[in-house]
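The primary structure of each chain is shown beneath.
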Amino acid sequence: MYDAELMAVATGAAGTLVAAIATSGAEKMRLKVAHFFRRATPEQQRTAAQAVDDTAAQLTSPSPETQALAATAWAQLIAQYLAEHGDAVSEVDELAVPAPPASKVWNQHNSGTGTFIGGDVHGGMTFNYGGASDGGR
C-alpha cells in the first residue's frame, strides 16, 4: 500500500492522463507516457505502453464508469512507478498536462495586383515580398 500523498499525486495525474488520452488520442499521449516511464524496467515500459492502448480502446464509448476504471488502473501504475523512482515525482506535472491541440496551418498563394485575402485569418500573417519564406515562424 502506498502513502496518501503518493496516491493523491498518482490519482490526480491518472485522471488527467485518462482525459488527455480521450481527447488527444493514444498516439500523442504514448510519447508522454514513454518519456515519463523512461527509468522503468523494459517490462514496466511495455506495460505502460499497453495501458495507453488499452485505455484508448476502453474510451471509444466513454462513460463515467469506464473513465473511473481506467483512472484507477493508471493511478496504481503511476503510484508503483513513483514508489520505485521517487525522483520522478517532480515530472508528474509533465505527464498530467494534456498535449496542446494540434495547430492548423493555412497557406494562400496569390499573384497579380490587388488585395487577396480569402476567408478568416487565424493567428498572425506574414507577408514576404519577394523574400524567402521564414518557414512559418
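Residues numbered from 1 in each chain as written. Predicted model: local features only at pLDDT ≥ 70, side-chain atom pairs only at ≥ 80, totals over all residues. Heavy atoms only, no water.

Student: Just to check I follow, could you spell out helix 2 (residues 26-36) for this structure?
Tutor: Owing to its 3.6 residues per turn, the α-helix aligns residues three or four sequence positions apart on the same side. Listed as buried for helix 2 are A26, M29, V33 and F36. Seen along its axis, helix 2 keeps its buried residues to an arc of 85 degrees; they face one direction. In helix 2, the exposed positions that point more than 90 degrees away from the buried face belong to E27 and L31. (Buried < 20%, exposed > 50% of the residue type's maximum accessible area, 1.4 Å probe, protein only. Helix = DSSP H or I, 4+ residues; strand = E, 2+ residues; numbered from the N terminus. Arc of directions from axis to C-beta.)

Student: Looking at this structure, how should I read the side chain of Q44?
Tutor: Tracing the sequence through the fold places Q44 in helix 3 (residues 42-58). Residue classification places Q44 among the buried residues on the basis of a relative accessible area of 16%. Side-chain polar atoms of Q44 contact the side chain of E84, separated by 2.8 Å. The contact partners of Q44, leaving out residues within four places of it in the chain, are Q80, E84 and H85. (Polar contact = N/O pair within 3.5 Å; in protein donor to acceptor, adjacent residues only side chain to side chain. Contact = heavy atoms within 4.5 Å.)

Student: Looking at this model, I keep getting lost on the confidence of the model for the protein chain. Mind explaining?
Tutor: When pLDDT drops low, the exact placement of atoms in the prediction is not to be read closely. Per-chain confidence: the protein chain averages 79 in pLDDT, with 69% of residues scoring 70 or above. Helix 5 (residues 92-96) is the least confidently modelled element of the protein chain, averaging 72 in pLDDT, while helix 3 averages 93, the highest of any element. (pLDDT = per-residue confidence, 0-100.)

Student: Whenever I open this one, the packing of aromatic side chains confuses me. Can you help?
Tutor: The relation between two aromatic rings is expressed through the spacing of the ring centres and the mutual angle of the planes. For the structure shown, the criterion picks out three aromatic pairs. Both rings, one in F36 and one in F37, keep their centres 5.2 Å apart while their planes meet at 85 degrees; by these two values the pair is edge-to-face. The exposure class assigned to F36 is buried, which follows from its relative accessible area of 2%. Under the relative-accessibility criterion, F37 is labelled buried at 3%. Seen from their ring centres, F37 and Y81 are 4.7 Å apart, and the 45 degrees between their planes marks the pair as tilted. Residue F37 is found in the loop between helix 2 and helix 3, and its partner Y81 is found in helix 4 (residues 64-84); the two are separated by 44 residues along the sequence. What makes Y81 buried here is its relative accessible area of 1%. Here the aromatic cluster, defined as three or more aromatic residues joined through ring pairs, consists of F36, F37 and Y81. (Phe/Tyr/Trp six-rings, centres within 6.5 Å; stacked < 30°, edge-to-face > 60°.)

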